[in-house]
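# Descriptive structure summary
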Amino acid sequence: MSSRMYQIAPPKKWLKTQITRLCLYFLGMGIETAYKNVPDVKKEMDTLPDHFSFCFNVHNGPSMMILKNGNTVKYAGEKEAYHADLELVLKNIEYAYLMMTGRISTPDAVYHNRQFVRGNLGYMMTMIRVLNISQTLLFPNVLLRFYIKKVPPLTMKTMINRTKAYANATIGFFA
Amino acid sequence: MNIQKKDGCPKYFEFFNSVKIISGYKALENISSELDLLGAKRPIIITDKGVNNAGLMDHVVNSFGGTQITIGAVYDDTPVDSSNVAVNEIAGIYRQQQCDSIIAVGGGSVIDTAKGVNIVISEETDDLMKFAGNNRLTKTMRPFIVVPTTAGTGSEVTMAAVIANPAQNVKMQFTSPLILPKVAVLDPVMTMSMPPKITAATAMDALTHAVEAYIGPQKNPVSDAFAFSAIELIKENIISATKNGGDKDVRLAMANASLLAGVSFSNSMVGIVHALAHATGGRCHVPHGIANAILLPHGLEFYLKKSPETAERIGKLLRFFIEPEDYAKVPASERKIKTIAAIRDINDNLHKLCGLPLTLSQAGVTKDKLESIAQVALNDGAMAFCPVEISHEEAMDVLQAAF
């Protein structure tokens, strides 16, 4: 009798993982830039505890860590999420990829339970507002409606801040 | 057209509720066999003075007559606002008396306290604070049975608990599927002694759960089914329950409605009405059901202006408040207005019957508190489940309309 036992390795989903990683990187740099240049973001994040860590990650996948230390906010790359005060976890790389490429909006990801939060919900509400504003620095208004609930009007200030966010992410300048 | 398509079935949804429901006359008699099935023999019963003084504990204790179950301890000093002090004290008693399971007999506060005790015991900790927030729990909880004595919170089937930390003057929220009770026992004798005003307020709380669960963006066909059943039962029984609390059939119907609404909103979540009601309770100590009753029509009116999709859903709810032939006669464009009017009628009737407040000022809120209520509400988790982004000014508009 021949055996039907065999082993099989699932695909790595390398491309989706790298695209998600890149988007998380830009998002992290966007938050860092927004804290320094957008008063509403500074006001929101100043309500968080002085030593505070926020991790946005994909379950078993890429992540980004934001560290707040007194009056500075730093994107800290892919740090271990274990000790994060607040964690926003996307349940798998497929959801993350769809979300990062604008095919599931951030609010829809919440409504569809495609993510879960570990930590204080009040802090999460603050971080959702910060993420919303930071995303306005990363995408043109025509695309923003795929990411956030309410698209703010385009102003000169937003365009300048967008330039700074991309300069910060690409050449570490204007941060 | 698009809305109907979206309303039919979402592209993706999740639904979870693992609580065994035992509902009906003499349902209490099943507690001992349920404990047996859970492998427990020595429960601690957590309740409060009100429940004890009303003689409700006698029903529960009598249900153990002739069984092998030993009541390890009874704690009847649960505060009106559940606190970590009470949780730690009860956990100490649980360990000292070598209990192996928990039975909560009471309203939302007792149930939340019992959930806190279960966390402390099961996670083998002395610091409840470490587990505050979402999804912080990792261990399987101890056998936990809930016998609600109010019909409104739905706490017997929800995966959340709110517990105060008086030393730091904060209320901590604990959310995890792990804290769901194993069994919910609904017996009409347990809600018979509720006074009319509490009956009305808790019923309006349940109605708000069901309405917000249906109109919210996280709704799905399964949660809709629970919400619809809840609204139907509440509409049929809310006035009779307030008028004639001695009617067992009506009490059972309301207990079931509260549970159904609880299952629904635990999965679909709630929105602006709850966010504002939580904040109103936190800042001005207005009971949650009363705050919900006052704010529900105003929250719905807010959606009429801001979210056409939600407005359409509000209109669809009219069929639960009027006769089918009358519903057919109302033009689709007017249904949403009529739904809100129907909810206002219920509030007016309850006001006449038992003095349920109709405005925030009647409930003791002062105008100078509105700003801080709006501020606190913006950080409430329920705001994430509003179909539209809500600003401080918009939250203030709703509060001022309700004032």
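Residues numbered from 1 in each chain as written. Chains lettered and ligands numbered in written order. Predicted model: local features only at pLDDT ≥ 70, side-chain atom pairs only at ≥ 80, totals over all residues.

## With respect to the overall build of chain A
Just so we agree on the cut-off: A helix here means a DSSP run of H or I that spans at least four residues, while a strand means a run of E at least two residues long, and both kinds are numbered starting from the N terminus. With C-alpha atoms as the basis for the radius of gyration, the globule rule is written as 2.2 Å multiplied by the number of residues raised to the power 0.38. The exposure scheme places C-beta atoms from the backbone and then counts, for each residue, the other C-beta atoms within 10 Å of its own, assigning buried at 20 or more, exposed at 12 or fewer, and partly exposed in between. The contact criterion used is a C-beta to C-beta distance within 7 Å, with each C-beta placed from the backbone.
The helix and strand tally for chain A stands at seven helices and five strands. When the helices and strands of chain A are listed from N to C terminus, the series reads α-α-β-β-β-β-α-α-β-α-α-α. The C-alpha atoms of chain A give a radius of gyration of 17 Å, which matches the 16 Å a tight globule of 175 residues would have. Its C-alpha atoms give chain A principal-axis dimensions of roughly 75 × 35 × 35 Å. Burial statistics for chain A: of 175 residues in total, 43% are counted as buried. The contacts in chain A between residues at least 6 apart in sequence include a share of 68% that link residues at least 24 apart.

## A look at the overall build of chain B
Helix and strand counts for chain B stand at 16 helices and nine strands. For chain B, whose C-alpha radius of gyration is 21 Å, the value lies close to the compact-globule estimate of 22 Å for 403 residues. Along the first, second and third principal axes, the C-alpha atoms of chain B reach 60 × 45 × 45 Å. Burial statistics for chain B: of 403 residues in total, 53% are counted as buried.

## Looking at the environment of Ile111(B)
Residue and element names in this part refer to chain B. Mapped onto the elements of the fold, Ile111 is located in helix H6 (residues 108-122). Ile111 gets classed as buried once you count the C-beta atoms within 10 Å, which come to 29. For the pair formed by Ile111 and Met269, sequence separation is 158 residues and the distance between their alpha carbons is 19 Å. With near-sequence residues (within four places) excluded, Ile111 lies in contact with Ala104, Gly106, Val146, Pro148, Ser155 and Glu156.

## Examining the confidence of the model for chain B
Regions with low pLDDT carry predicted coordinates that are not meant to be interpreted in detail. All names here are of chain B. Quick note on the threshold: Per-residue confidence from the predictor is reported as pLDDT, a score between 0 and 100.
With 98% of its residues at a pLDDT of 70 or more, chain B shows a mean pLDDT of 93. Low pLDDT, under 50, characterises residues 1-5; the stretch is placed with two contacts to residues that sit more than four places away or in other chains. Reported for the predicted complex are a pTM of 0.92 and an ipTM of 0.83.

## Details of the interface of chain B and chain A
It is common to give the size of an interface as the accessible area that goes away when the parts come together. Quick reminder of the rule: Gly is placed with the polar residues, together with every amino acid not listed as nonpolar (Ala, Val, Leu, Ile, Met, Phe, Trp, Tyr, Cys and Pro) or charged (Asp, Glu, Lys and Arg).
Each partner contributes to the interface: chain B provides 19 residues, whereas chain A provides 16 residues. Within the side of chain B that touches chain A, the residues separate by chemical class into nine nonpolar, seven polar and three charged.

## Concerning the pairing of strand S3 (residues 72-75) of chain A
Residues and elements named next belong to chain A. As a reminder of what qualifies: Strands qualify as paired when DSSP identifies two bridges or more between them.
Side-chain alternation along S3 places Val73 and Tyr75 on a buried face and Thr72 and Lys74 on a face that remains uncovered. Taken together, the four bridges between strand S2 (residues 63-69) and S3 define a ladder with antiparallel strand orientation. Of the residues in S3, the one forming a bridge with Ile66 is Tyr75. Linking S2 back to S3 in an antiparallel pair, the connection comprises two residues, with Gly70 at a positive phi of about 60°.

## Considering helix H10 (residues 272-284) of chain B
Because the α-helix completes a turn every 3.6 residues, residues three or four places apart line up on one side. All names here are of chain B. To be explicit about the condition: Take the number of residues in a helix, subtract one, and multiply by 1.5 Å to get its expected span.
For H10, built from 13 residues, the straight-helix expectation of 18 Å at 1.5 Å per residue is met to within 8% by its first-to-last C-alpha distance of 18 Å. Most of H10 sits out of view: ten of its 13 residues are buried. Residues of H10 that are buried include every one of Ile272, Val273, His274, Ala275, Leu276, Ala277, His278, Ala279, Thr280 and Gly281, and no others. Summarising the contacts, the buried residues of H10 are in contact with helix H7 (196-215), helix H11 (288-306), helix H15 (370-378) and helix H16 (392-402). Directly after H10, the chain includes His285, whose backbone phi takes a positive value near 55°.

## Re the nonpolar core
Residue and element names in this part refer to chain B. Defined as follows: Under the definition applied here, buried Ala, Val, Leu, Ile, Met, Phe, Trp, Tyr and Cys residues are grouped into a nonpolar core through C-beta atoms within 7 Å. These domain limits were set by an automatic method or by a database of domain assignments.
Among the nonpolar cores identified, the biggest contains 179 residues, and Ala210, Ala230 and Leu276 are the most heavily contacted of them. Counting residues per element, this core draws most heavily on H7, which supplies twelve residues. Shared between two domains, this core takes at least three residues from each, and those domains are domain 1 (20-190) and domain 2 (194-402). Residues in contact with Leu276, not counting those within four places in the same chain, are Leu295, Gly299, Ile373, Ala377, Ala395, Val398 and Leu399.

## Points about the pairing of strand S8 (residues 170-175) of chain B
The side chains of a regular strand alternate, residue by residue, between the two faces of the sheet. Residues and elements named next belong to chain B. Direction of pairing for strand S5 (residues 133-134) relative to S8: parallel, over a ladder of two bridges. The residue bridging Gly133 from the neighbouring strand is Phe174, located in S8. Pairing analysis gives six bridges linking strand S7 (residues 160-165) to S8, with the strands arranged antiparallel. Along S8, the bridge assignment pairs Ile163 with Met172. Here S7 folds back onto S8, and the loop between the two strands holds four residues, one of which, Asn169, carries a positive phi near 55°.

## Here's the deal with the domain arrangement of chain B
You can read the domains of chain B as domain 1 (20-190) and domain 2 (194-402). For domain 1 of chain B and domain 2 of chain B, the distance between their C-alpha centres works out to 27 Å.

## Here we look at the environment of Ala160(B)
With respect to the secondary-structure elements, Ala160(B) resides in strand S7. In sequence terms Ala160(B) and Leu178(B) are 18 residues apart; their C-alpha atoms lie 9.6 Å from each other.

## Describing the sheet that holds S2(A)
Residue and element names in this part refer to chain A. Note the cut-off: Lines fitted to the C-alpha atoms define the axes, with helices restricted to the stretch that makes contact. Angles between their N-to-C directions range from 0 to 180 degrees.
The strand order across the open sheet built from five strands is S3-S2-S1-S4-S5, with neighbouring strands paired in mixed fashion. Each end of this open sheet is capped by a strand with a single partner; those strands are S3 and strand S5 (115-118). Across the sheet, the axes of successive neighbouring strands diverge by a mean angle of 10°, strand direction being ignored. Bridging between strand S4 (residues 86-90) and S5 involves four bridges; their strand directions are antiparallel. Bridge assignment links Val89 to a residue of S5, and that residue is Phe116.

## Examining the sheet that holds strand S3 (residues 73-75) of chain B
All names here are of chain B. Ordered in space as S1-S9-S6-S4-S2-S3, the six strands form an open sheet in which the pairing is parallel. Strands at the two margins of the open sheet, each flanked by one partner only, are strand S1 (20-23) and S3. Averaged over all pairs of adjacent strands, the angle between strand axes in this sheet comes to 15°, irrespective of strand direction. Across four bridges, S1 lies against strand S9 (residues 183-186) in parallel orientation. The residue bridging Ile22 from the neighbouring strand is Val185, located in S9. H6 contacts strand S2 (43-46), strand S4 (101-106) and strand S6 (144-148) of the sheet and is inclined by roughly 165° relative to S4.

## A few points about unusual backbone geometry
With the exception of glycine, most residues fall at negative phi, and the peptide bonds are largely trans. Backbone geometry at Asn60(A) places phi at a positive 60°, although glycine is not the residue there. Mapped onto the elements, Asn60(A) comes out in the loop between strand S1 (51-58) and S2. The exposure class of Asn60(A) is exposed, given the 9 C-beta atoms found within 10 Å. In this model, Lys26(B) sits at a positive phi of 65°, which is unusual for a non-glycine residue. Of note, Lys26(B) is situated in the loop between S1 and helix H2 (31-37). Judged by C-beta crowding, with 11 C-beta atoms within 10 Å, Lys26(B) ranks as exposed.

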